[in-house]
Amino acid sequence: MEYTEKKFNLPEEMEGLSKEGISQHLGLYGGYVKNFNAISKLLPEYAGDMEKHGLALVELIRRRSFEFGGMRLHELYFSQWEGGAQALDPNSALAQALAKDYKDAAHVVPYLTAIGMMRGPGWALLYWDPEAKQFLAGFSGEQHQGHFATLPVVLALDVWEHAFLLDYGAQGKAKYIDAFFKNLNWKVLEQRFADMTTGQK
Ligand SMILES: [Fe+2]
């Protein structure tokens, strides 16, 4: 089955993030979807003749999870801005769970900012561990490495340079992260968390 590029209902104006920057970034997202589909198509053919295509096959297998990570993480990323900026409801299950883990739910923002400021292309991610019933924050290098396997992502912050180069320059990561959080619709995250925890004791 082919994956389809998603459309996002983003606000007309976003604070600190230009239309052009978002448009170019959406274009990159589309590339991940295309490349994932293209590699997926080649694999059965290559697997059918390992003598001829064995080396190419293993590299494509490595590459495919990179493309998949780029696809899914960008879908989590852009959808967090849909509906425009909205604050976290302190009475929501998400806010209460965050407060339990981080003393104050608001503390998760500087924590993820610090992770996002790490060097190297990648993502600052907040995961939920349904087994331990706690959050885990981490850094995924590129988009397929360093994940907490099996854990769903509550918040995805892209810190590749392409996310901020146009608006803020090569040294503008901190300003970009600030803008990212200013535009965040916490309602989307509250819903994500609700979906992850539904049915849990
Ligand atoms: Fe990106």
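Residues numbered from 1 in each chain as written. Predicted model: local features only at pLDDT ≥ 70, side-chain atom pairs only at ≥ 80, totals over all residues.

A. Fine view of the packing of helix α1 (residues 19-47) against helix α2 (residues 50-79). At a closest axis distance of 8 Å, the pairing of α1 and α2 adopts a crossing angle of 155°. Here α1 lies roughly antiparallel to α2, going by the angle between them. Here α1 and α2 pass one another in a crossing that is left-handed. Along the contact surface, α1 presents Tyr29, Tyr32, Val33, Asn35, Phe36, Ile39, Ser40, Leu42, Leu43, Tyr46 and Ala47, while α2 presents Met50, His53, Ala56, Leu57, Leu60, Arg63, Arg64, Glu67, Phe68, Gly70, Met71 and His74. For the contact of α1 with α2, the per-class residue count stands at 15 nonpolar, five polar and three charged. (Axes fitted to C-alpha atoms, helices over the stretch in contact; angles between N-to-C directions. Helix = DSSP H or I, 4+ residues; strand = E, 2+ residues; numbered from the N terminus. Parallel < 35°, antiparallel > 145°, perpendicular 65-115°, else oblique. Left-handed = near helix turned anticlockwise from the far one by under 90°. Contact = placed C-beta atoms within 7 Å. Nonpolar A, V, L, I, M, F, W, Y, C, P; charged D, E, K, R; others polar.)

B. Layout of α1. Relative to the 42 Å expected for 29 residues at 1.5 Å per residue, α1 spans 42 Å between its end C-alpha atoms, a close match to the ideal helical length. The set of residues buried in α1 consists of Gly21, Ile22, His25, Tyr29, Tyr32, Val33 and Phe36. Among the structural elements, α2 and α5 (165-168) are those in contact with the buried residues of α1. (Expected span 1.5 Å × (residues − 1). Buried ≥ 20, exposed ≤ 12 C-beta atoms within 10 Å, placed from the backbone.)

C. Representation of unusual backbone geometry. In this model, Lys103 sits at a positive phi of 70°, which is unusual for a non-glycine residue. For Lys103, a count of 9 C-beta atoms within 10 Å corresponds to the exposed category. In this structure, Glu142 takes a positive phi of about 55° despite not being glycine. Looking at the secondary structure, you find Glu142 in the loop between β2 (134-141) and β3 (153-158). A residue is classified by how many C-beta atoms lie within 10 Å of it, and Glu142, with 15 of them, is partly exposed.

D. View of the pairing of β2. Examined bridge by bridge, strand β1 (residues 122-129) and β2 share eight bridges and lie antiparallel to one another. By the bridge assignment, Tyr127 is partnered in β2 with Leu136. The hairpin formed by β1 and β2 contains four residues between the paired strands, and Lys133 there has a positive phi angle of roughly 55°. (Pairing = 2+ DSSP bridges.)

Everything listed is a geometric property; what it means functionally is a separate question.
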